[in-house]
Amino acid sequence: MKEMVVDFRKSKSPPSPVCISGKDVEIVSSYRFLGVQLDNKLEWSTNTDAVYKKAMSRLYFLRRLRSFSVCSRMLHMFYQSVMASTIFFAAVCWGAGIKAKDANRLNKLIKKAGSVVGCRLHNLDEVMRDKMVLKLRTIMDSPSHPLHNTVDKLRSSFSSRLLQPRCSKERYRKSFLPSAIRLYNSSKPSQ
């Protein structure tokens, strides 16, 4: 059993030890949950490192396929199913909050894969933007979604745009909902 403490207070006191069934719970600074690396600062560098490492190992196999003169169409199919699925997994969660340095690392990797495949591949920003807007539209169309009412309250009474929620912290400003609303509004034609 592991415990990850997320604490943004200025005066941090050490957390009280947790004991479950006579066993102490280990305190960790990062934890893998549903395939995504989370850390106690809610930053995405640890996740980016894991994604980069996985994608680099798959790039090796993509290069090996090219060395066997596999056609470009099959290389592209391999990239989409094996490499892109690794790189863009849960991009809706971490895509807006990723640091520029980490985004550049992943974009360079995508560019290398594109040179192996022989065509331009969509970069992280393009894929993240499309996935976030699609997810927001899904939330808007599904009354049973837990965020539906929250998003519905942000609809403008004058246009088809959504009002930006108030964000006092940069951490919240870079989270899914404010970022997705910004992207959604920028994708709508101005009226």
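For clarity, every value in this text was computed on a predicted model and none was experimentally measured.

A few words on the packing of helix α5 (residues 124–141) against helix α8 (residues 176–187). Put simply, α5 and α8 touch, their axes get as near as 9 Å, and they point 100 degrees apart. Taken together, the axes of α5 and α8 lie roughly perpendicular to each other. Mapping the contact onto sequence places Met-128, Arg-129, Met-132, Val-133, Lys-135, Leu-136, Arg-137, Ile-139 and Met-140 in α5 and Phe-176, Leu-177, Ser-179, Ala-180, Ile-181, Leu-183, Tyr-184 and Ser-187 in α8. For the contact of α5 with α8, a count of residues per class yields 12 nonpolar, two polar and three charged.

Our next topic: the pairing of strand β5 (residues 30–33). Sheet topology places β5 next to strand β6 (residues 36–39); four bridges connect them, and they run antiparallel. Looking at the pairing, Phe-33 lines up with Val-36 of β6. Between β5 and β6, which pair antiparallel in sequence order, lie two residues; one of them, Leu-34, sits at a positive phi of approximately 55 degrees.

With that out of the way, let us pick up the side chain of Ser-45. With respect to the helices and strands, Ser-45 occurs in helix α1 (residues 45–67). In this structure the side chain of Ser-45 is engaged in a polar contact, spanning 2.9 Å, whose partner is the side chain of Asp-102. Discounting chain neighbours no more than four positions away, the residues touching Ser-45 are Lys-99 and Asp-102.

Any pair of aromatic rings gets described here by the distance separating the centres and the angle formed by the planes. The full count for this structure, using the stated rule, is one aromatic pair. One Lys or Arg, Arg-105, reaches over the ring of Tyr-52 and ends 4.2 Å from the middle of that ring. Positioned above the aromatic ring of Phe-8, the side-chain terminus of Arg-171 is 3.5 Å from the ring centre.

This paragraph deals with the side chain of His-148. Within the secondary structure layout, His-148 lies in helix α6 (residues 148–152). Reaching out from His-148, the side chain makes a polar contact with the backbone oxygen of Ile-139 at a distance of 3.0 Å. A distance of 3.2 Å separates a polar atom in the side chain of His-148 from the backbone oxygen of Met-140. In contact with His-148, other than residues within four places in its own chain, are Ile-139, Met-140, Ser-142 and Pro-143.

Rules of the game
- Residues numbered from 1 in each chain as written.
- Predicted model: local features only at pLDDT ≥ 70, side-chain atom pairs only at ≥ 80, totals over all residues.
- Heavy atoms only, no water.
- Axes fitted to C-alpha atoms, helices over the stretch in contact; angles between N-to-C directions.
- Helix = DSSP H or I, 4+ residues; strand = E, 2+ residues; numbered from the N terminus.
- Parallel < 35°, antiparallel > 145°, perpendicular 65-115°, else oblique.
- Contact = heavy atoms within 4.5 Å.
- Nonpolar A, V, L, I, M, F, W, Y, C, P; charged D, E, K, R; others polar.
- Pairing = 2+ DSSP bridges.
- Polar contact = N/O pair within 3.5 Å; in protein donor to acceptor, adjacent residues only side chain to side chain.
- Phe/Tyr/Trp six-rings, centres within 6.5 Å; stacked < 30°, edge-to-face > 60°.
- Lys NZ or Arg CZ within 6 Å of the ring centre and 35° of its normal.

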